[in-house]
Amino acid sequence: MSAFRTLDDAGSLKGKRVLMRVDLNVPMENGRVTDATRIARVTPTIREVAEQGARVILLAHFGRPKGKREPKDSLEPVVPALGAALGRTVAFAADCVGDAAAQAVAALKDGDVLLLENTRYHPGEEKNDAAFADALAANGDVYVNEAFSAAHRAHASTEGLAHRLPAYAGREMQAELDALTKGLESPQRPVIALVGGAKVSSKIDLLENLVAKVDMLVIGGGMANTFLHAQGKAVGKSLCEKDLAETATRILAAAEKAGCRIILPVDAVAATEFKAQAPHETVPVDSVPDASMILDAGPRSVAEINAAIDGAKTLVWNGPLGAFELAPFDAATVAAAMHAAARTKDGQLVSVAGGGDTVAALNHAGVAQDFTYVSTAGGAFLEWLEGKALPGVEALRAKG
């Protein structure tokens, strides 16, 4: 049984007004959607619920209007792209509460889909105001949360509604929660986590949580330089938060105490310029020239990472191993990603990845579709990795 209430627990939805929180915060240019990935992810659940004969009422935010009605943050321009993805007409209401919303909801027939205007036009949304949540709930009989990306926010449409109506996870939310449970909450062991990116300072909570939960932790990217510096190695002109050496030492000690093996680069690809195709050399991490900067992990490091992946049953990945946007400093990230993808396809590994740079890196390597699950949720995925409770998720937990 799932730890969360899902659409499988909802019973018949025919004739019901289903308030569904979705993420339609898509990139726009000249009034047109330029990347419909988020729309594509929510359409299967919208279609499933509509085909059951429910009246689907979509709640979403757009931009950061901070409780003010900003025309540039209207959801109305999203309607054509949403209708095209669904293959059906989508109605629009100029507000998410009040008369405009109530009249649009009253006009719905079974199977119809309606998008309400930006919930963040109202200050009560981000404050999780009780009266605003009540006003939203007045238009629905059932609540479905299909916006994991906003689940770390305790807002009226992500958390407040779940306490006012029968509440369920949508299919995409369900897939995300299943993947996250397999990743860290009840994983197949051994578990390896790969954490990269530029700065330790942005991932201290993440690293401290992971060393207590995983068997092996790969630290890559600019973050690794801070750990190498903490171990007394000279890193030249590399990106390095030298003031966090004590923090890095503390994390290394915590890992040792918890029995978590830390894997740092043993060799590096170094260059004197941060640009694509810059002249470069591969050197041991204790022999980085003073005028050079580490831009990628070297081949010996990749071999060690891949061997560790071979010894794992579960992989959680957040962040690249080097400056993957610049060739040839994408080599380590691509090689490790391809290796993890091959292990996953062979049924040897459960691989869960997330975070903006991570998704871009796996797409760059051409293997995102081969991982068990790739989250596009960004902040919510990171907070989950940090071990924090996500309000929008907690509200969907099955009782008893």
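Residues numbered from 1 in each chain as written. Predicted model: local features only at pLDDT ≥ 70, side-chain atom pairs only at ≥ 80, totals over all residues. Heavy atoms only, no water.

Looking at an unreviewed UniProt entry, one finds the chain named Phosphoglycerate kinase, with Methylobacterium phyllosphaerae as its source organism. Under the Sequence similarities (unreviewed entry) heading, UniProt states for the chain: "Belongs to the phosphoglycerate kinase family." What UniProt records for the chain under Pathway (unreviewed entry) is the sentence "Carbohydrate degradation; glycolysis; pyruvate from D-glyceraldehyde 3-phosphate: step 2/5." (UniProt positions renumbered as here; feature names shortened; annotations may be inferred.)

Undergrad: Go over the sheet that holds strand β12 (residues 267-271), please, and point to the residues and values.
TA: Strand pairing in a sheet relies on backbone hydrogen bonds. The paired strands run either parallel or antiparallel. Spatial strand order, β13-β12-β14: three strands in an open sheet with antiparallel pairing. Lying at the two open borders of the sheet, with one neighbouring strand each, are β13 (280-284) and β14 (293-297). Pairs of neighbouring strands in the sheet enclose a mean axial angle of 40°, with direction left out of account. As paired elements, β12 and β14 share four bridges and run antiparallel to each other. If you follow A271 over to β14, its bridge partner there is M293. Of the strands in this sheet, β12, β13 and β14 are in contact with helix α11 (residues 299-310), which crosses β12 at around 140°. (Pairing = 2+ DSSP bridges. Helix = DSSP H or I, 4+ residues; strand = E, 2+ residues; numbered from the N terminus. Axes fitted to C-alpha atoms, helices over the stretch in contact; angles between N-to-C directions. Contact = heavy atoms within 4.5 Å.)

Undergrad: So what about the pattern of salt bridges? Which residues, and what values?
TA: Applying the stated criterion across every chain, the model contains 20 salt bridges. With a shortest N-O distance of 3.3 Å, R261 and E304 are connected by a salt bridge. Here the residue R261 occupies a position in strand β11 (residues 261-263), and E304 occupies one in helix α11, the gap between them amounting to 43 residues. Residue classification places R261 among the partly exposed residues on the basis of a relative accessible area of 39%. Overall, E304 belongs to the partly exposed group, its relative accessible area being 27%. Through salt bridges with shared partners, a single network forms among D8, E48 and R171. (Salt bridge = Lys/Arg side-chain N within 4 Å of Asp/Glu carboxyl O. Buried < 20%, exposed > 50% of the residue type's maximum accessible area, 1.4 Å probe, protein only.)

Undergrad: Give me the lowdown on the UniProt feature "binding site: (2R)-3-phosphoglycerate" (unreviewed entry) in the chain, citing residues and values where you can.
TA: Under the present numbering, the feature "binding site: (2R)-3-phosphoglycerate" (unreviewed entry) in UniProt falls on R38, R120 and R153. By the secondary structure assignment, R38 is in helix α1 (residues 37-51). Residue contacts for R38: discarding those within four places in its chain leaves D23, N25, V26 and T376. Among the polar contacts listed, one links the side chain of R38 to the side chain of D23, at a separation of 3.3 Å. Setting aside residues up to four positions removed in sequence, R120 forms contacts with H61, G63, P65, K66, G67, K68, E125, E126 and H155. (Polar contact = N/O pair within 3.5 Å; in protein donor to acceptor, adjacent residues only side chain to side chain.)

Undergrad: Go over the side chain of E386, please, and point to the residues and values.
TA: Within the fold, E386 resides in the loop between α14 (379-385) and α15 (391-394). Residue classification places E386 among the buried positions, given a relative accessible area of 14%.

Undergrad: Talk me through the UniProt feature "binding site: substrate" (unreviewed entry) in the chain; I want residue IDs and the actual numbers.
TA: Mapped onto this numbering, the UniProt entry gives "binding site: substrate" (unreviewed entry) at D23, L24, N25, R38, H61, F62, G63, R64, R120 and R153. D23 gets classed as buried once you look at its relative accessible area, which sits at 7%. Among residues more than four places away in sequence, those in contact with D23 are R38, V42, A147 and S149. One polar contact links the side chain of D23 to the main-chain amide nitrogen of N25, over a distance of 3.0 Å. What makes R38 partly exposed here is its relative accessible area of 28%.

Undergrad: For the environment of K72, give the residues involved together with the corresponding values.
TA: Secondary-structure assignment places K72 in the loop between β4 (55-59) and α2 (79-86). Here the alpha-carbon distance between K72 and D330, two residues 258 residues apart in the chain, equals 37 Å. Separated by 3.2 Å, the side chains of K72 and D73 make a polar contact.

Undergrad: Run through the pairing of β4, naming residues and quoting values.
TA: Most of β4 sits inside the fold, with four of its five residues counted as buried. The pairing of strand β1 (residues 17-21) with β4 spans five bridges and is parallel. Considered in β4, the bridge of L19 is made with I57. In this structure, β4 lies alongside strand β6 (residues 113-116), joined through three bridges in parallel fashion. Bridge pairing in β6 places I57 opposite L114.

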